[in-house]
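Below, each chain spelled out in residue letters.
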Amino acid sequence: MNLSTEAVCRDRLAPIDRARYAVGPLQDLTDPNREELVRLGQITPFEEGEVLVRQGTPQNTLYVVLEGSLQVRCSSPYSIIDLAILGRGESFGEMGLLDPMKASASVFGKQAGSTWNISRDQLERFARIHPFSGMALFRCLGVSLTRRMRKSEDRLIRCSER
């Protein structure tokens, strides 16, 4: 999928396709609040192999996969670990919103698609204007992070039992 800049701009100005964005951390928001939040962010197309986030770089953006799939990979001088494959409705970048550390993993296109993304500043602006929707969004992000942590703990336990 290769969207031109014109197509991306046209998509931002078009009426919001409610079903397209009623996914992941955006699903529990009311339609008007979701539409407002979506307009504060941007849609970014990506190609297979394209790096969206590079491990070790500053990160302050939340991403939600709209189409395609992404590979999440962590590397060290001694190994490379594939952490996850993300598909429609899944998010990443939550840690960078909550803790201004550098990205803990790289994320790159596995199958071409697009993400909706929003910066920490825009997300905080939305939360100040719509505190209940902001709280619902951050709660959903917290649940997502908690589930990932539990999954990682399970993997560590299985590895240590070998």
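Just so you know, these numbers come straight off a predicted model, no measurement behind them.

**Student:** I keep staring at the nonpolar core and nothing clicks. Help me out?
**Tutor:** One broad rule of soluble globular proteins: the nonpolar side chains tend to lie buried together. Core analysis: the biggest nonpolar cluster contains 19 residues, and Y21, L26, L37, W116, I118, L123 and L137 have the highest contact counts within it. Of all the secondary structure elements, the ones that give two or more residues to this core are α3 (31-40), β3 (61-75), β6 (106-119), α5 (120-129) and α6 (131-160). Setting aside residues up to four positions removed in sequence, L137 forms contacts with P25, L26, L29, L37 and L123. Core analysis: the second largest hydrophobic core is formed by twelve residues, V53, V65, V72 and V107 among them.

**Student:** Please clarify how the pattern of salt bridges should be interpreted in this entry.
**Tutor:** Where charged atoms from two side chains of opposite charge come close, those side chains can pair. For the structure shown, the criterion picks out two salt bridges. Among the salt bridges present, the one from R34 reaches D31, with a minimum N-O distance of 2.7 Å. Within this pair, R34 and its partner D31 are both found in helix α3, separated by three residues, close to a single helical turn. For D82, the salt bridge identified is with R73, shortest N-O distance 2.5 Å.

**Student:** Explanation requested: the side chain of T61 in the structure shown.
**Tutor:** If you trace the backbone, T61 turns up in strand β3. Reaching out from T61, the side chain makes a polar contact with the side chain of N60 at a distance of 3.4 Å. With residues up to four places along the chain from it excluded, the contact list for T61 reads F92, G93, L97, N117, I118 and S119.

**Student:** I keep staring at the packing of α5 against α6 and nothing clicks. Help me out?
**Tutor:** Axis angle and axis distance: for two packed helices, these are the angle between their axes and the distance between the axes, and together they describe the pair. Between α5 and α6, the least distance of the axes is 5 Å, while the angle of their chain directions is 130 degrees. When the interaxial angle is binned, α5 and α6 end up oblique. Listed contacts from α6 to L123, F126, A127, R128 and I129 of α5 are P131, S133, G134, L137 and F138. Class assignment for the residues of the contact of α5 with α6 results in seven nonpolar, two polar and one charged.

**Student:** How should I be thinking about the environment of F108 in this particular structure?
**Tutor:** With respect to the secondary-structure elements, F108 resides in strand β6. Relative accessible area serves as the criterion here: at 19%, F108 is assigned to the buried category. With 61 residues separating them in the primary sequence, F108 and E47 have C-alpha atoms 8.6 Å apart. Every residue in contact with F108, bar those within four places of it in the chain, is listed here: G49, E50, V51, L52, L70, Q71 and R73.

**Student:** I keep staring at the pairing of β3 and nothing clicks. Help me out?
**Tutor:** Remark: a regular strand shows side chains that alternate across the two faces of the sheet. In terms of strand pairing, β3 meets β6 through eleven bridges, oriented antiparallel. Following the sheet pairing, L62 is matched in β6 by I118. In this structure, β3 lies alongside strand β4 (residues 80-86), joined through six bridges in antiparallel fashion. What sits directly across from L70, in β4, is L86. Linkage of β3 to β4, two consecutive antiparallel strands, is achieved through a turn of four residues.

Conventions we followed
- Residues numbered from 1 in each chain as written.
- Predicted model: local features only at pLDDT ≥ 70, side-chain atom pairs only at ≥ 80, totals over all residues.
- Heavy atoms only, no water.
- Core = buried A, V, L, I, M, F, W, Y, C linked by side-chain atoms within 4.5 Å.
- Buried < 20%, exposed > 50% of the residue type's maximum accessible area, 1.4 Å probe, protein only.
- Helix = DSSP H or I, 4+ residues; strand = E, 2+ residues; numbered from the N terminus.
- Contact = heavy atoms within 4.5 Å.
- Salt bridge = Lys/Arg side-chain N within 4 Å of Asp/Glu carboxyl O.
- Polar contact = N/O pair within 3.5 Å; in protein donor to acceptor, adjacent residues only side chain to side chain.
- Axes fitted to C-alpha atoms, helices over the stretch in contact; angles between N-to-C directions.
- Parallel < 35°, antiparallel > 145°, perpendicular 65-115°, else oblique.
- Nonpolar A, V, L, I, M, F, W, Y, C, P; charged D, E, K, R; others polar.
- Pairing = 2+ DSSP bridges.

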